[in-house]
Amino acid sequence: MGKLKDKLAGQIPGLRQDARALVKEHGAKVISEVTVAQAFGGMRGVKAMICDTSLVEPDKGLIIRGRPIGDLTDKLPEEIFWLLLTGDLPSGDELKDLQGEFRAQQEVPEYVFNVLEAMAEDSHPMAMFDTAILAMERESIFRKRYTEGMKREDYWEAALDDSIGLLAKLPGVAAAVYRLRFKKGDRIAPDANLDWGANFAVMLGIDDPTGEFKNLMRLYLTLHSDHEGGNVSANTCHTVGSALSDPYYAVSAGLNGLAGPLHGLANQECLRFVLALKDKYQGAPTEEQLRDFAWETLNSGQVIPGYGHAVLRVTDPRFTAFHAFGKRVCPDDEVYQIVDRLFTVIPDVLKEHGKAKNPYPNVDAGSGALLYHFGMREFDYYTVLFGVSRALGMLSQLIVNRAMGAAITRPKSVQTSWVKEQVGAKVSA
Ligand code: HAX
């Protein structure tokens, strides 16, 4: 048994007891209510699900198990996975053990490549990535053990086994999508001496003489790993997993949600905006020019991509981390300079405009510029990088949910006519 499974096996009985006692003693108490606007508005702010892996605080941003993401930027994604699951960072030995588990299972089965090669040449990289994960469902230990009559208290163990098997292979699968879809040549074998994020960088095949692209991938995979439980991908994975569909089904479903333009695709829109500026002004515009362009954008009814957030009310600390990376690695890059200058100009413009509740940059404002700097210019692919990272969070949440015996998701839907009656609204013919 790996050290991660050992540690969880020690923690889970206490957590179960604690949750059971909470529900038994306080189960009837109210923690949230739902307004008509919320029922029609994506359930924003309704507190009706549990997620202990991470929290997004309006004035602080992402907090993973009590630690602000800004304090975790030097950690490897494998360390974040351990933290998400256990609440602690791994010791040196524990990290090595987990990395050994990933390495032992990193080989992607040949049939996955066959599936990818059979897809239409212009398939979206996210459709390819998600299909590859679904194709690997036959590897599921969870499904096999469930069919054999696995006990309910063992679900989390099988979910963890599947999660490690899947995470181990995701960089290889995602890199294969990149190289096949964008005709980059043969697949590149992983390097047995490298960590998970660096190996992903190697398999993508981006030229990296300084090693900074490896650092960017480690940072990228750490920063995007989790964002509490209610966002579209996490919530979808949670719901599908709650039916005891195995982790392959659940993660593939969650990633299908990440592929939406209002969710994971936003990062490519931000880079498009920055490149449009570069084209229009033949390089990095002055602050004055940026201000004019921003007002033109707003006056034509469009949003400034990369700014604003549904929950955050400060600069996203994940943006701060990317911004600092760019300042260190490519301060003279024109695309980075535009991102940097927008950060000086846009918050004041949005404040003056007076609509956005949060005039500050979100995570998507800076990441694309850095990928572009290193020569990864296939925008459609960016969400796959996000997906590899977010699988860490989705799977952590899923394992915890199976450990805690989370029930099948089944909120009550109501009809519009019922709402009208409930609030005394006029019922139209
Ligand atoms: N530029 C211009 N107007 C903006 C704005 C921006 N960047 N952000 C918000 N607003 C406007 C809204 O459109 C809304 O206008 P209306 O009242 O006319 O509808 C008003 O300000 C209030 O919106 P809000 O409450 O501040 O923001 P929402 O919670 O409704 O939306 C969004 C949050 C992130 C979708 C929004 O800020 C936006 O569209 N930003 C630009 C796109 C973007 O950066 N998306 C990436 C999000 C990061 C993420 O979560 N990735 O997964």
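Refer to the preceding data block for the structure.
The structure reproduced in this document is the subject of the present report. (Residues numbered from 1 in each chain as written. Predicted model: local features only at pLDDT ≥ 70, side-chain atom pairs only at ≥ 80, totals over all residues. Heavy atoms only, no water.)

### Describing the overall build of the chain
Along the backbone of the chain there are 19 helices and 3 strands. Taking 2.2 N^0.38 as the reference for a compact globule, 429 residues should give roughly 22 Å; the C-alpha atoms of the chain span a radius of gyration of 22 Å, in line with that estimate. For the C-alpha atoms alone, the extent of the chain along its principal axes is close to 65 × 65 × 45 Å. Per-residue burial over the chain gives 49% buried out of 429 residues. The long-range share in the chain, meaning contacts at least 24 apart out of those at least 6 apart in sequence, stands at 75%. Working note: accessible area of the chain is about 20,300 Å², and carbon and sulfur atoms make up 51% of it. A distance of 5 Å separates the average location of the 48 positive side-chain charges in the chain from that of its 56 negative side-chain charges. (Helix = DSSP H or I, 4+ residues; strand = E, 2+ residues; numbered from the N terminus. Rg over C-alpha atoms; globule rule 2.2 N^0.38 Å. Buried < 20%, exposed > 50% of the residue type's maximum accessible area, 1.4 Å probe, protein only. Contact = heavy atoms within 4.5 Å. Areas by Shrake-Rupley, 256 points an atom, 1.4 Å probe, with all protein chains shown as cover. Lys, Arg positive; Asp, Glu negative; His and termini not counted. Charge placed at Lys NZ, Arg CZ, Asp CG, Glu CD.)

### A closer look at the packing of aromatic side chains
This structure, assessed with the given rule, holds 14 aromatic pairs. Measuring from ring centre to ring centre gives 5.5 Å for Phe 273 and Phe 293, while their planes differ by 55 degrees; the resulting arrangement is tilted. Within this pair, whereas Phe 273 is found in helix H13 (residues 266-280), its partner Phe 293 is found in helix H14 (residues 287-299), the two being separated by 20 residues in sequence. In this structure Phe 293 comes out as buried when scored by relative accessible area, which is 13%. Over the aromatic face of Phe 113 sits the side chain of Arg 187, whose NZ or CZ is 3.5 Å from the ring centroid. Of note, Arg 377 hangs over the ring of Tyr 372, and the distance from its end group to the ring centre comes to 3.9 Å. (Phe/Tyr/Trp six-rings, centres within 6.5 Å; stacked < 30°, edge-to-face > 60°. Lys NZ or Arg CZ within 6 Å of the ring centre and 35° of its normal.)

### Observations concerning the site of the ligand
Neighbouring the ligand are 18 residues; Ile 304, Gly 306, Tyr 307, Lys 355 and Lys 357 lie closest to it. In the model, an oxygen atom of the ligand is placed 2.9 Å from a nitrogen or oxygen of the Lys 355 side chain. At 3.2 Å from an oxygen atom of the ligand is found a main-chain nitrogen or oxygen belonging to Ala 356. In isolation the ligand offers 920 Å² of accessible surface; the protein chains occlude 68% of this area. Classifying every residue of the shell around the ligand by side-chain character gives 9 nonpolar, 5 polar and 4 charged. (Near = heavy atom within 4 Å. Polar contact = N/O pair within 3.5 Å; in protein donor to acceptor, adjacent residues only side chain to side chain. Nonpolar A, V, L, I, M, F, W, Y, C, P; charged D, E, K, R; others polar.)

### Notes on the state of the cysteines
Across all of its chains, the model carries 0 disulfides by this definition. Counting only cysteine sulfurs, Cys 51 is the nearest neighbor of Cys 237, a cysteine outside any disulfide, at a range of 11 Å. Summary of cysteine pairing: Cys 270 is not part of a disulfide, and the nearest cysteine sulfur, belonging to Cys 330, is at 16 Å. (Disulfide = S-S within 2.5 Å.)

### Structural notes on the nonpolar core
Ranked by internal contacts, the top residues of the largest apolar core, which has 113 residues, are Phe 81, Phe 129, Phe 200, Leu 204, Phe 213, Met 376 and Tyr 381. Contact partners of Phe 81, with chain neighbours within four places excluded, come to Leu 4, Leu 98, Phe 102, Ile 164, Leu 167, Leu 392, Ser 396 and Ile 399. (Core = buried A, V, L, I, M, F, W, Y, C linked by side-chain atoms within 4.5 Å.)

### Description of the pairing of strand E1 (residues 54-57)
Here E1 shows a clear split, with Ser 54 and Val 56 buried on one side and none of Leu 55 and Glu 57 buried on the other. As judged from the 4 bridges shared by E1 and strand E2 (residues 61-64), these two strands associate in the antiparallel manner. Its bridge partner lying in E2, Leu 55 is registered against Ile 63. Between the antiparallel neighbours E1 and E2 lie 3 residues. (Pairing = 2+ DSSP bridges.)

### What to know about a nonpolar patch on the surface
Nonpolar side chains collect at one region of the surface, where Val 36, Phe 40 and Val 423 lie side by side and expose about 290 Å² of accessible area between them. Mapped onto the elements of the fold, Phe 40 is located in helix H2 (residues 36-40). Residue class for Phe 40 comes out exposed when judged on its relative accessible area of 57%. (Patch = residues over 30% accessible without salt bridge, like charges linked within 9 Å, V, L, I, M, F, W, Y side chains within 5 Å. Salt bridge = Lys/Arg side-chain N within 4 Å of Asp/Glu carboxyl O.)

### Some words on helix H18 (residues 382-403)
Counted at 1.5 Å a residue, the expected span for H18 with its 22 residues is 32 Å, and the 32 Å between its end C-alpha atoms agrees. At Arg 390, H18 shows its largest bend, some 35 degrees. Most of H18 is tucked away, with 22 of its 22 residues classed as buried. Gly 405, located one to two residues past H18, shows a positive phi value of around 65 degrees. (Expected span 1.5 Å × (residues − 1). Bend = angle between axes of the 7 residues up to and from the residue.)

### A closer look at the packing of helix H8 (residues 155-181) against helix H12 (residues 247-258)
Two elements in contact, H8 and H12, have axes whose closest approach is 9 Å; the angle formed by their N-to-C orientations is 55 degrees. Accordingly, the angle class assigned to the pair H8 and H12 is oblique. Residues Ala 159, Asp 162, Gly 165 and Leu 166 of H8 form the contact with H12, whose participating residues are Pro 247, Tyr 248 and Val 251. Considered class by class, the residues forming the contact of H8 with H12 number 5 nonpolar, 1 polar and 1 charged. (Axes fitted to C-alpha atoms, helices over the stretch in contact; angles between N-to-C directions. Parallel < 35°, antiparallel > 145°, perpendicular 65-115°, else oblique.)

### Remarks on the environment of Arg 44
Position of Arg 44 among the secondary structure elements: in the loop between H2 and E1. You can call Arg 44 exposed: its relative accessible area is 55%. Apart from the residues lying within four places of it in its own chain, the contact partners of Arg 44 are Gln 38 and Ala 310.

### Digging into the environment of Cys 270
By secondary structure assignment, the location of Cys 270 is in helix H13. Accessibility expressed as a relative area gives 5% for Cys 270, which makes it buried. Distance from Cys 270 to Ala 365, taken between C-alpha atoms, is 5.8 Å for residues 95 residues apart in sequence. For Cys 270, the contacting residues outside a window of four places in its chain are Pro 305, Gly 306, Asp 364 and Ala 365.

Note that all results are geometric; they support no functional claim without further evidence.
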